[in-house]
Amino acid sequence: MAILKIIVAPDPRLKIKATPVKEVDAGIRKLMDDMLETMYAAPGIGLAATQVGVDKRVIVIDIADTKNGEKPNPLRLANPEVIWASDDTSVYEEGCLSLPQKFEEVTRPARVKIRALNEKNEQIEFEADDLLATCVQHEIDHLDGVIFVDHISRIKRDIILRKLMKEKKQGAFDPKMHAL
Ligand code: K1U
Ligand code: ZN
């Protein structure tokens, strides 16, 4: 397995709409495992292939609270899509590994139904609520070239992206972890 470098915003590579996977084969499974290793090392609860510069519709998620005794529960998904979203919404203060140390409240559908391919190339469908619903929508957004600050006001977005540009120039990010 390998730890991949995470792209920091603003960066045109985070705006690409990713290409669907034809089949989940050994190469895609290796990508999923490398992404999980990268996500756990960061640490984070999700990661999209777009964030590591790979143009494929692949995400990984693990929202298990391992610090409080929960067992790891990694999700490996290719071509994830929202096939139903609730009318009711929830607000969560989101973070992003591509926007280090930046947090803002984002409103999204509270519950979603997802269709995807799993690591065995089987089509699966599941319903998500709470943090899983937030996280899976955040990761699918990445595959469409959308980051969480695209959901907030332009003023707040510009402030965050300008701060990140300044921090990149000042060398605030570890080049071992980040693709700058
Ligand atoms: O996509 C990403 O950049 C990962 C992101 C996922 C996410 C977090 C919060 C709401 C929606 C989506 C993160 O994992 S940011 C880091 C984080 O939330 C976290 C890190 C360590 C422990 C618990 C959470
Ligand atoms: Zn993110």
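Think of each chain on its own: its residues are numbered from 1, step by step along the sequence as written. Note on labels: chains are lettered from A, ligands numbered from 1, in written order. For a predicted model such as this one, the threshold for reporting local features is a pLDDT of at least 70, and the threshold for listing and counting side-chain atom pairs is 80 or more; totals across whole chains, interfaces and linings nevertheless cover every residue. With hydrogens and water set aside, each side-chain value is computed from the structure's full complement of heavy atoms.

### Things to note about the overall build of the protein
Inclusion rule: The numbering of helices and of strands both runs from the N terminus, where a helix is a DSSP run of H or I of at least 4 residues and a strand a run of E of at least 2. All radius of gyration figures rest on C-alpha atoms, and the globule criterion is 2.2 Å times the number of residues raised to 0.38. Relative accessibility decides the category of a residue: with a 1.4 Å probe and only protein chains considered, values under 20% of the type maximum give buried, values over 50% give exposed, and everything between is partly exposed.
Across its full length, the protein holds 3 helices and 9 strands. Here the protein has a C-alpha radius of gyration of 16 Å; the compact-globule value for 180 residues is 16 Å, and the two agree. Over its C-alpha atoms, taken along the principal directions, the protein stretches across nearly 45 × 40 × 35 Å. When burial is assessed residue by residue, the protein has 43% of its 180 residues classed as buried.

### Some remarks on the coordination of the zinc ion (ligand 2)
Note the cut-off: Keep in mind that water is not among the atoms, so a site may look incomplete; donors are the N, O and S atoms within 2.8 Å of the metal, or 3.2 Å for Na, K and Ca.
At 2.0 to 2.3 Å from the zinc ion (ligand 2) lie its protein donor atoms, namely Cys-96 (SG), His-138 (NE2) and His-142 (NE2). Mapped onto the sequence, the donors of the zinc ion (ligand 2) take the spacing C-x41-H-x3-H. In this pair, Cys-96 sits in the loop between strand 5 (89–94) and strand 6 (104–109) while His-138 sits in helix 2 (residues 130–143), placing the two residues 42 residues apart along the sequence.

### Details of the site of ligand 1
Spelled out, the test is: In this text, near means that some heavy atom of the residue lies within 4 Å of the molecule or strand in question. For this analysis, a polar contact is any N or O atom pair within 3.5 Å, provided that within protein one partner can donate a hydrogen and the other can accept it, and provided that sequence-adjacent residues contribute only side-chain to side-chain pairs. Where accessible areas are quoted, they stem from the Shrake-Rupley method and a 1.4 Å probe; at the residue level, only the protein chains shown are allowed to cover. Only protein atoms enter the 1 Å grid used here. Points where a 1.4 Å probe fits but cannot escape make up a cavity, open sets with protein on both sides within 12 Å along at least five of seven lines make up a pocket, and a residue lines them when an atom lies within 4 Å of a point. The way we define it, a molecule is inside a pocket or cavity when more than half of its atoms are within 2 Å of that pocket's grid points.
Around ligand 1, a shell composed of 14 residues is seen, among which Ile-45, Gly-46, Gln-51, Leu-97 and Glu-139 lie nearest. Residue Gln-51 places a side-chain N or O atom 2.9 Å away from an oxygen atom belonging to ligand 1. Contacts to ligand 1 include His-142, whose side-chain N or O atom sits 3.4 Å from an oxygen atom. When ligand 1 sits alone it has 540 Å² of accessible area, and the protein chains cover 77% of it. Applying the majority rule of atoms within 2 Å of the grid points places ligand 1 in the largest pocket. For the shell around ligand 1, the secondary structure elements donating two or more residues are strand 5 and helix 2. Element by element, the count of residues in the shell around ligand 1 is highest for helix 2, at 4 residues.

### Thoughts on unusual backbone geometry
Pro-10 follows Ala-9 through a cis peptide bond whose omega is -5°. Topologically, Pro-10 is positioned in the loop between strand 1 (6–7) and helix 1 (26–41). Here the bond from Ala-42 into Pro-43 is cis, since omega is -5°, no more than 30 degrees from zero. As for its placement among the helices and strands, Pro-43 is situated in the loop between helix 1 and strand 2 (46–48). The phi torsion at Asn-79 lies on the positive side, around 50°, for a residue other than glycine.

### Here we look at the confidence of the model for the protein
Convention followed: Known as pLDDT, the predictor's per-residue confidence is scaled from 0 to 100.
Mean pLDDT for the protein: 97, with 100% of residues reaching 70 or above. Per-element mean pLDDT across the protein ranges from 92 in strand 9 (residues 178–179) up to 99 in strand 3 (residues 58–61).

### Digging into the sheet that holds strand 8 (residues 123–128)
Defined as follows: DSSP bridges decide pairing: two strands pair if at least two such bridges lie between them. Axis lines are fitted to C-alpha atoms, over the contacting stretch for helices. Their N-to-C directions set the angle, which ranges from 0 to 180 degrees. A contact between two residues is defined here by any heavy atoms of the two lying within 4.5 Å.
The strand order 2-3-4-7-8 describes an open sheet built from 5 strands, whose pairing is antiparallel. Sheet topology places strand 2 and strand 8 at the edges, where each strand pairs with a single neighbour. Strand-to-strand twist of the sheet, defined as the mean angle between neighbouring strand axes without regard to direction, takes the value 40°. Where strand 3 meets strand 4 (residues 75–85), 4 bridges bridge the pair, whose relative direction is antiparallel. Across the sheet, Ile-61 pairs through a bridge with Leu-75, a residue of strand 4. Packed on one face of the sheet, helix 1 meets strand 2, strand 3 and strand 4 and runs near 40° to strand 3. Most of the contacts of helix 2 go to strand 3, to which it runs at about 155°, and overall it touches strand 2, strand 3, strand 4, strand 7 (112–117) and strand 8.

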